[in-house]
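Listed here are the chains, written in short residue letters.
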Amino acid sequence: MENWSPQERLLIDHATELASILRGSLAANWCASGESARHYLKLAAERGLTGIEVPQAWGGSQASFSCKAAIAEILAGADFGFAMSLINTHNVANNIARWMSGPGTRVGQAELADELLPKLLSAEIVACTALTEPQAGSDFSAISTLATKVDSGWKIDGEKSWIINAQYADLILVYAQTLPQSGAAGIAGILVDARREGFERCDNFPSTAAASLGTGGFKLNGYVATPVEMMHPAGTAFKRALQSINGARIYVAAMCCGMVADCLRIATDYGGRRTTFGVPLNEHQGWRWRIAEAAVDLEAATQLVRAACKAMDRDLPVVALAAKAKVFATRMAERHTAAMLHAMGAHGLRDEYPFVRHMTGAQIASFTDGSTEMMLERIFKDETLVR
Ligand SMILES: Cc1cc2nc3c(=O)[nH]c(=O)nc-3n(C[C@H](O)[C@H](O)[C@H](O)COP(=O)(O)OP(=O)(O)OC[C@H]3O[C@@H](n4cnc5c(N)ncnc54)[C@H](O)[C@@H]3O)c2cc1C
């Protein structure tokens, strides 16, 4: 058992309650509209879940990374898409609180943080983070969205795709190149207001199984960001983005555990009720072993995720551990969400069950925040490859 603070315990209880609301109300019938997503994000906000890690001074709970990962796991057990959507808007709020206030920030940034944070924490506005482009996914340093310095700030031109929440988000942390041909060194992170001129949504990803992710794209045509909206200047942005991606790899791994645990619970219950050849399914050894194998891998993935969470909380080196947790947990979820569906027979395909959504979630988890192949490259390069 984790040693949660009372505040963290409360957040986890709230997440458990919200997961049960989600299970009861959305299940297969998630409505892909922005209004529907905003409704559930507001329920999360009312429970403090939009400000998990945000400092208390800004109205958040200042909870640990482990607590955020536990909440991600609980919510993904109900719906991976919603969990990702919530954590993505939360992360932008946390970035603003961390990088746009205090020493070293530019004039006007604390005022902007003052304006944006209450709106993000109440889910009046929703945010997301955009790195990926139609021509650049795994190779983040190859992005071509261009931010050019102009008198009034930064003029941004380019296109982003496959961005969670982009179908309806109000505020987007956009990564752009400020110095063509400079690779990682020239990349900056700039806040973009989706309601301003020069912003146009496009390339939505219509998928019933992943509707709650609100995934889409957008174009920036001569969009002008003010100097205050430059959150991560060139020289800092790439490093900070990779830091937060390490965290993302761990909570995505935690989400995979949440999805497999949900599948396992449902299949185990079903195995006691469904009869074949005169006995319940769980009396067939061949059927039971499938369930036991999922339980073994889930336990191993959970331990790896917890170790990575602890390293994050203690500020220890986490790059390889985060990558290992993500590879193991996503593969585990890809394998066992499908295996648990199979264990249910044809009934597992019914929309009232979450197996197809969880299978899609597992596949998406293997792409987001670094694909499995990119993780393996990272792990191979690590000096602690063999302990
Ligand atoms: C539903 C969904 C939501 C997403 N949300 C976001 C978001 O919110 N923000 C955001 O910025 N991005 C987001 N992404 C994008 C995600 O980060 C990318 O899909 C991921 O980085 C992979 O990029 P790609 O899809 O362009 O694949 P590519 O980079 O084109 O790679 C294609 C395939 O080749 C493999 N590959 C590539 N290079 C190598 C290599 N050197 N060696 C071996 N194999 C290789 C990859 O692993 C992959 O399997 C999302 C993606 C999905 C599917």
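See the structure printed just above.
The residue count restarts for each chain, going from 1 along the sequence in the order it is written. Where totals are concerned, whole chains, interfaces and linings use all residues; where local detail is concerned, this predicted model gives features only for residues with pLDDT of at least 70, and gives and counts side-chain atom pairs only at 80 or more. Based on all heavy atoms of the structure, the side-chain values leave hydrogens and waters out of the count.

A.B. asks: So what exactly am I meant to see when it comes to the packing of helix α6 (residues 237–273) against helix α7 (residues 285–313) here?
C.D. replies: Relative orientation and spacing of two packed helices are given, respectively, by the angle between their axes and the distance between those axes. Axis definition: a line fitted to C-alpha atoms, limited for helices to the stretch in contact. Angles are taken between N-to-C directions and run from 0 to 180 degrees. Secondary structure counts use DSSP, requiring at least four H or I residues in a row for a helix and at least two E residues in a row for a strand, with both numbered from the N terminus. Here α6 crosses α7 at 155 degrees, and the two axes come no closer than 9 Å. Comparing their axes, α7 and α6 come out roughly antiparallel. Crossing geometry of α6 relative to α7 is assigned as left-handed. In contact with Gly247, Ile250, Ala253, Ala254, Cys257, Val260, Ala261, Leu264, Ala267, Thr268 and Gly271 of α6, α7 contributes Trp287, Ile291, Ala294, Ala295, Leu298, Ala301, Thr302, Val305, Ala308, Cys309 and Met312. Classifying every residue of the contact of α6 with α7 by side-chain character gives 18 nonpolar, 4 polar and no charged. By definition in this entry, angles of less than 35 degrees are roughly parallel, angles greater than 145 are roughly antiparallel, angles of 65 to 115 are roughly perpendicular, and the rest are oblique. In this scheme, a crossing is called left-handed if the near helix is turned counterclockwise away from the far one by less than a right angle; it is called right-handed if the turn is clockwise. The contact criterion used is simple: two residues touch if any of their non-hydrogen atoms lie within 4.5 Å. Any residue that is not Ala, Val, Leu, Ile, Met, Phe, Trp, Tyr, Cys, Pro, Asp, Glu, Lys or Arg is counted as polar, Gly included; the first ten are nonpolar and the last four charged.

A.B. asks: Explain the nonpolar core here, please?
C.D. replies: Grouped burial of nonpolar side chains is what soluble globular proteins tend to show. Nonpolar cores are built from buried Ala, Val, Leu, Ile, Met, Phe, Trp, Tyr and Cys residues. Side-chain atoms within 4.5 Å join them into one set. Accessible area is worked out with a 1.4 Å probe on protein chains only. A residue is then buried under 20% of its type maximum, exposed over 50%, and partly exposed in between. One finds Ile71, Leu75, Phe82, Tyr251, Met255 and Met340 to be the most contacted residues of the largest nonpolar core, which totals 80 residues. Listing elements by their share of this core, those giving two or more residues are α1 (6–25), α2 (34–46), α3 (65–78), α4 (80–99), α6, α7, α8 (319–343) and α9 (355–365). Looking at this core element by element, the count peaks at 16 residues for α6. With residues near it in sequence (within four places) discarded, Met340 still touches Cys263, Leu264, Ala267, Arg290, Ile291, Ala294 and Phe355.

A.B. asks: Which parts of the structure should I look at to understand the environment of Pro233?
C.D. replies: Position of Pro233 among the secondary structure elements: in the loop between β8 (230–232) and α6. On the basis of relative accessibility, which here comes to 25%, the residue Pro233 falls in the partly exposed class. For the pair Pro233 and Thr89, spaced 144 residues apart in sequence, the C-alpha separation works out to 21 Å. Apart from residues lying up to four places away in sequence, Pro233 is in contact with Arg106, Ile187, Ala188 and Arg240.

A.B. asks: Is there a simple way to think about the site of the ligand in this case?
C.D. replies: Proximity is defined per residue: any heavy atom of the residue falling within 4 Å of a molecule or strand makes that residue near it. The local shell around the ligand holds 18 residues, among which Thr132, Ser138, Trp162, Ser371 and Glu373 are the closest. Separating an oxygen atom of the ligand from a side-chain N or O atom of Ser138 is a distance of 2.7 Å. The Shrake-Rupley method, run with a 1.4 Å probe, gives the accessible areas here. Residue values count only the displayed protein chains as cover. Protein chains bury 66% of the 980 Å² of accessible surface belonging to the ligand in isolation. Looking at the shell around the ligand, the elements with two or more residues in it are β1 (127–130), β3 (153–163) and α10 (372–381). Counting residues domain by domain, the shell around the ligand receives three or more from each of domain 2 (127–235) and domain 3 (238–381). Residues adjacent in sequence count toward polar contacts only when both atoms are side-chain atoms; beyond that, a polar contact is any pair of N or O atoms within 3.5 Å, and within protein one must be able to donate a hydrogen and the other to accept it. Start and end positions for the domains come from either an automated domain assignment or a database one.

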